[in-house]
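Examination of the molecular architecture
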Amino acid sequence: MNKITSFLICMGCLFTFSQCDMVENPNDETPIVPSSDYAKIAFLARITDGSSVWSLCTMDKSGGGLRKIVDKTVACQKPVCSHSRTKLLFTSVNFKTWTNPDNSVGMSSEYGLYIVNTDGTGLSLIDHIGPTEAAQFGHLAWSPDDKQIAYVKYSGEGFRKHDLILYNMTENTRQSLKTKGDICTMSFSPDGKYMAYCASTEACHSIYKMDISGGNSQLIIHNGSSPKWSPQGDKIVYSAQGSEGEAQLFIADSDGRNQKQLTFTVSPRRWPGWPPHGNQNPQWTPDGRKIVYVSWENAKPEIFIMNVDGSKQTRLTKAEYRDENPEITPDGQSILFSSRRTDMMDFGIVIMSLDGSNQKILFRSGNYPVVCK
């Protein structure tokens, strides 16, 4: 797998792993008790008249009660819900433009990494990138006890320097963790003891497992990216290159053993100089028995579901343009997703049953749905 193709596979799976189906243990241990309730859906929407900027919004789970919860322009990146489902982690962006003496246009941008309660209170800045810095935030994740946040900071020429940052919310400290190459994506194990991450080298992307403190980093999967732990913590689903350079989904034990390719389909639509689209963005059902994912086998992104062993791959949506960004509700009964249809000016938020039935448009302008309280 060459580095450019590997990077595309990683960037094609920009969605951060978020187990928003856990509640906190009263004894302050790692939360392990599943909770199936949720009251709100957080998402991004363009709701300002005459503007293309994204806002962070919430609505109730029936589609009513729209509310813009922060007075900031947000980056087009999926917000991440805490495991208690009461807080959201998101990135803001502020663009500035000016005209130079030669009439050329200059532009700068600054980014903020924030936490906010789902009711819009308690806005708190975690990290900031100034307008003179060439950097961005990406791949946000909460630890299972909601006490730490991990994120990637891209910097340097062409954003080629990738740093994995661990932020301790209790102590208000940041630590840069040492990784085996440039970090791409990461996810916490359900017990909160480990982190699986993808790192790139000149040769390829590979998946490593390390202690949450940043020590004892070990290679577990060669040629793989975007690892996501199963809810039980015994498996990892990940992306890797298929036979034509496309992204395909694989599964392995949490130590990297018993690797198996799950998907094989390839988009019939091709662009010169680029690998075709394949399959991406896997999401575990809460019981760990099925995987919901996005497939391009019909030349456009659509939502599919399969058993954890790759059997019974079933198409759930019939996209007019695009169906993607699936989010499984904590009760495991429904799937939220963003959809682009002929009667929509932009993406909309849609919900359907786990078998693809009962599709309902909740909001006609929105992207990246996330369940919360």
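Structure: see above.
Notes on the structure follow. (Residues numbered from 1 in each chain as written. Predicted model: local features only at pLDDT ≥ 70, side-chain atom pairs only at ≥ 80, totals over all residues. Heavy atoms only, no water.)

So, on to the pairing of strand E26 (residues 322–328). Among the 7 residues of E26, 6 are classified as buried, and the element is accordingly described as predominantly covered. The pairing of E26 with strand E27 (residues 334–340) spans 5 bridges and is classified as antiparallel. Within E27, the position partnered with Arg 322 by the bridge is Arg 340. Counting the residues that bridge the hairpin from E26 to E27 gives 5 residues, and of these Gly 332 lies at a positive phi of roughly 75 degrees. (Buried < 20%, exposed > 50% of the residue type's maximum accessible area, 1.4 Å probe, protein only. Helix = DSSP H or I, 4+ residues; strand = E, 2+ residues; numbered from the N terminus. Pairing = 2+ DSSP bridges.)

Turning our attention to the side chain of Ser 339. Tracing the sequence through the fold places Ser 339 in strand E27. At 2.6 Å, the side chain of Ser 339 and the side chain of Asp 323 are in polar contact. Setting aside residues no more than four positions away along its own chain, Ser 339 makes contact with Arg 322, Asp 323, Met 344, Asp 346, Phe 347, Gly 348 and Val 350. (Polar contact = N/O pair within 3.5 Å; in protein donor to acceptor, adjacent residues only side chain to side chain. Contact = heavy atoms within 4.5 Å.)

Now for the sheet that holds strand E29 (residues 360–363). The sheet built from 4 strands is open, its strands ordered E26-E27-E28-E29 with antiparallel pairing. In this open sheet, the two strands that pair with only one neighbour each are E26 and E29. Strand after strand, the sheet turns through a mean of 35 degrees between neighbouring axes, direction not considered. (Axes fitted to C-alpha atoms, helices over the stretch in contact; angles between N-to-C directions.)

With respect to the secondary-structure elements, Gly 65 resides in the loop between strand E4 (55–60) and strand E5 (67–68). Under the relative-accessibility criterion, Gly 65 is labelled exposed at 59%. C-alpha separation for the pair Gly 65 and Lys 40, spaced 25 residues apart in sequence, amounts to 9.3 Å. Discounting chain neighbours no more than four positions away, the residues touching Gly 65 are Thr 58, Met 59 and Asp 60.

Applying the stated rule across the entire model yields 6 aromatic pairs. With a centroid separation of 5.5 Å and 55 degrees between ring planes, the pair formed by Phe 43 and Phe 363 is classed as tilted. Linking Phe 43 in strand E3 (residues 40–45) with Phe 363 in strand E29, this pair joins segments that are 320 residues apart in sequence. A relative accessible area of 0% means that Phe 43 is categorised as buried. Consider the rings of Phe 137 and Tyr 151, whose centres lie 5.6 Å apart with planes at 85 degrees: the pair is edge-to-face. One end of the pair, Phe 137, is in strand E10 (residues 135–142); the other, Tyr 151, is in strand E11 (residues 148–155), and 14 residues separate them in sequence. Note on Phe 137: relative accessible area 6%, which makes it buried. For Tyr 151, a relative accessible area of 0% corresponds to the buried category. Cation over ring: Lys 61 sits above Tyr 38, and NZ or CZ is 4.8 Å from the ring centre. Lys 209 extends its terminal NZ or CZ atom over the ring of Tyr 194, reaching a point 4.5 Å from the ring centre. (Phe/Tyr/Trp six-rings, centres within 6.5 Å; stacked < 30°, edge-to-face > 60°. Lys NZ or Arg CZ within 6 Å of the ring centre and 35° of its normal.)

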